Amino acid sequence: MALEFDITTRNGPVQAQGTVDGIVPFHFEDHGDHWTARIGGHWQHTEPQSTAPGPRRMAEARRNIYRALALFRSQAKHQA
């Protein structure tokens, strides 16, 4: 039940890449007006948001990353 990721912000959207449980690919992008998370080859979630640039944006991106993981886990649990 682990999520490992690295965050980058190179003059564009906040991005995170890593793995869930050490094997399932994870990708996250925060574009300011919306964010998208992809886990594995089939699961994707996008939500609108309004976040100002700056340090607060990184904190919000981290919250959204963990929100995406919680949504993924919840949906996987209900499908099992």
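Residues numbered from 1 in each chain as written. Predicted model: local features only at pLDDT ≥ 70, side-chain atom pairs only at ≥ 80, totals over all residues. Heavy atoms only, no water.

**Comments concerning the packing of aromatic side chains**
The geometry of an aromatic ring pair is captured by the separation of the ring centres together with the interplanar angle, meaning the angle of the planes.
Now for step 1: Going through the model one piece at a time under the given rule, you end up with four aromatic pairs.
Now for step 2: Each ring, one from Phe 28 and one from Trp 35, has its centre 5.6 Å from the other, and the planes form 35°; the classification is tilted. For the pair Phe 28 and Trp 35, one class covers both residues: buried.
Now for step 3: A centroid spacing of 5.5 Å and a plane angle of 75° characterise the contact between Trp 43 and Phe 72, whose relative ring orientation is edge-to-face. (Phe/Tyr/Trp six-rings, centres within 6.5 Å; stacked < 30°, edge-to-face > 60°. Buried < 20%, exposed > 50% of the residue type's maximum accessible area, 1.4 Å probe, protein only.)

**Some thoughts on the pairing of strand β3 (residues 24–30)**
Now for step 1: Taking burial as the measure, the seven residues of β3 include five buried ones, the bulk of the element.
Now for step 2: Pairing between strand β2 (residues 14–20) and β3: seven bridges, direction antiparallel. When the bridges of β3 are listed, Val 20 appears paired with Val 24.
Now for step 3: Once β2 ends, the chain turns through three residues before running back antiparallel as β3, passing Asp 21 with a positive phi of about 60°.
Now for step 4: Two elements, β3 and strand β4 (residues 34–39), share five bridges in a ladder whose sense is antiparallel. Residue pairing in the sheet places Asp 30 in a bridge with Trp 35 of β4.
Now for step 5: Remark: three residues form the turn of the hairpin made by β3 and β4, two consecutive strands paired antiparallel; Gly 32 in that turn has positive phi of roughly 95°. (Helix = DSSP H or I, 4+ residues; strand = E, 2+ residues; numbered from the N terminus. Pairing = 2+ DSSP bridges.)

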